[in-house]
Amino acid sequence: MDVGLRQLVIDAWSWLNYKPVMSEAGRPGSRAFPELAKTWVPPGEVRRLAAYKVLASYDNNQAGQLAALGGDANALERRELGDAANLVDTALGYLLGSEQKVAVEGAENADEDTPTPGAADAAAVQKRLRAWADKELLTFRVQQAERAAVLLGDSVMVLAWNPEKQRPTVRVYDPGFFFPQWDDEDDDFPRKVHLAWDLPADDDAGLKARVRRVTYELGPISEGDEESPATGARTYPWEPARASNTTCYLTDAEWLLEDLNGETLDRLPMSKASFRVGADGTELNRLDLMVDFVPVVHIANTIPDGGEHWGRSVLARVLQALDELGATDSDSSAASATTGTPIIGLAGARLPVDRATGKPQELEVRAGAVWQLGETGRMDALDTSPQLAELRARVDHLLERIASNSRVTAAGLGTLDATEVPSGYALKLALGPLDALIGMMRLAREHKYRLLFKMVQRLYQAGRAEGWTAGETLPARLAWAPHTPTDRGAVLEEVVTAYGAGVLSLETAVAMLLEAGYPIKDASQEVARIRAKAQQEAEVRMAEAAARRGREEEQEDQEDQEGDAGPGAGEERKLVKKESEREPVGSGR
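Let us look at the structure shown here.

Reading guide: rules and limits
Residues numbered from 1 in each chain as written. Predicted model: local features only at pLDDT ≥ 70, side-chain atom pairs only at ≥ 80, totals over all residues. Heavy atoms only, no water. Phe/Tyr/Trp six-rings, centres within 6.5 Å; stacked < 30°, edge-to-face > 60°. Helix = DSSP H or I, 4+ residues; strand = E, 2+ residues; numbered from the N terminus. Buried < 20%, exposed > 50% of the residue type's maximum accessible area, 1.4 Å probe, protein only. Lys NZ or Arg CZ within 6 Å of the ring centre and 35° of its normal. Core = buried A, V, L, I, M, F, W, Y, C linked by side-chain atoms within 4.5 Å. Contact = heavy atoms within 4.5 Å. Pairing = 2+ DSSP bridges. Axes fitted to C-alpha atoms, helices over the stretch in contact; angles between N-to-C directions.

### Notes on the packing of aromatic side chains
Considering all chains together, one arrives at nine aromatic pairs under this definition. Residues Tyr173 and Trp197 carry aromatic rings whose centres are separated by 6.1 Å and whose planes lie at 40° to one another, so their mutual orientation is tilted. Placement of Tyr173 in strand β3 (residues 167-173) and of Trp197 in strand β5 (residues 192-199) is noted, with a sequence separation of 24 residues between them. The class of Tyr173 is partly exposed, set by a relative accessible area of 26%. Seen from the ring of Phe179, Arg48 lies directly overhead, with NZ or CZ sitting 5.6 Å from the centre. Just above the ring of Trp310 sits the side chain of Arg48; from NZ or CZ to the centre is 4.0 Å.

### Observations concerning the nonpolar core
Counting residues in hydrophobic clusters, the biggest one holds 107 residues, and the most contacted among them are Trp40, Trp132, Tyr216, Leu315 and Tyr449. With 12 residues, helix α10 (residues 432-462) is the largest single contributor of residues to this core. Residues in contact with Tyr449, not counting those within four places in the same chain, are Val142, Glu146, Met157, Ile299, Ala476, Leu478 and Trp480. Among the nonpolar cores identified, the runner-up in size contains nine residues, and Val491, Leu506, Ala516 and Ile520 belong to it.

### Some details on the sheet that holds β3
If you trace the three strands from one edge of the open sheet to the other, you get β3-β2-β12, paired in antiparallel fashion. For this open sheet the edge positions go to β3 and β12 (296-300), each flanked by a neighbour on one side alone. Each strand of the sheet is rotated relative to its neighbour by a mean of 25°, with strand direction disregarded. Looking at chain direction, strand β2 (residues 154-162) and β12 are connected through five bridges and run antiparallel. Paired with Met157 across the bridge in β12 is Val297. Most of the contacts of α10 go to β12, to which it runs at about 165°, and overall it touches β2, β3 and β12.

What follows is the structure, encoded as structure tokens:
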């Protein structure tokens, strides 16, 4: 007898194996998501794309519909009240904090009396990067990218030089469109990246179903290039002392789905490709971007395991708990219906008769209804309130498990009763798992945003933008605001005491106040204003002291002149003055 054993798959998406749509190792989700069965989708990417679809269904309150496609006939009646989306948005809010700023290392020292070497250049680059961030709506783009990363585990940001705007542009793509090609698993970054998606047919425009593929690929510089006509190498402005033979090529093309005969994404026939054209009329077929890097940044929500490249959703470990929560909510709704409108059993009742049919009419439970009962009549009501109370208690229990296992915590979700927190220290301990979660998530992004700002600077240099000269790229990062409220009064007292004792510099003191949430727009400007005010106050005090000394000297000169008028008069007045300044010993007796 042939017994079919279910294949056990352990990978970055194993936590979804309990879902029927993910149980097939070969083509998971082919029934629920027919678009994943396209011939051009690489087989090794199907599980990842199916995982994104499953997570998106929870975010849109469609997990019941997905379960129904997996064979659960009762799943369509499941109530979904946005708990998954609330968990994602809460984690996203703590990750982003109240604001994000571009910070260049060393820029905070530019306004010191003796600035460190390179501080002025760092401050200038920081100012230009912040101006670029304002024009490019970077805060908005970051929130777009980070919500996808928190929900799906991954997100993608793509940079491009815009010659009309004379600045780099940044766009956020669905991670389901992202297909990196790894030549060697030990490489830090792929040398070739595809962004691909389906374009549906448009009968009105006469367009058939197509697939669009945008490819970034590092390769050797072609000989005869205008920048390097003989050697096939060029010098990039960020490394003026080194010649490079590597550049990045861009290809943007479309294929009709009917022209494909089983070819996967990385093997689409170029002979059947239709290449797109840029704004300047250039065909986008291996267009030399004049940079030696792929301008694509992949953001992972968590630090990937060894040998992996993909992040993990904040919902990953609590997905089954969310399923149970939805089922319990549905049972609670049904129980509340029988509690509010109970099931009633009547014995010995005289039922009204329908005159048209001659059959007894059904009784309706409503306010003011009167039923006639016989001498032995009885009415019994089914009380389901104890079951309803139990179901509500189970809902609270599941919410606590979800808060705990996701590490967002009950305090982070706002479900913790404030009366249960005895002190601020106890609240800090309760938020400990959330602090660790946000610290890990920000650490996973630290290098990626540094890479993003490095690419922005180099695109400015490659585009020969005004003010961006050749030279080394300065390290810049995305500075996050505190994710939880801080005791601003305690921080202020600490800063005042430490700065007054001379154990903290003014720059460090202002940075601490900035991190505590004080409305300081720019730390270096705030330091400059504090020093300017301190210098102004010192000058006022010096002027007052000089004026006071001048008055004293003028008075002494006047006394000397009066002393010249009569012998002993000046000494007598001085003696009287000294006697008047002496404390009267017996005045208090």
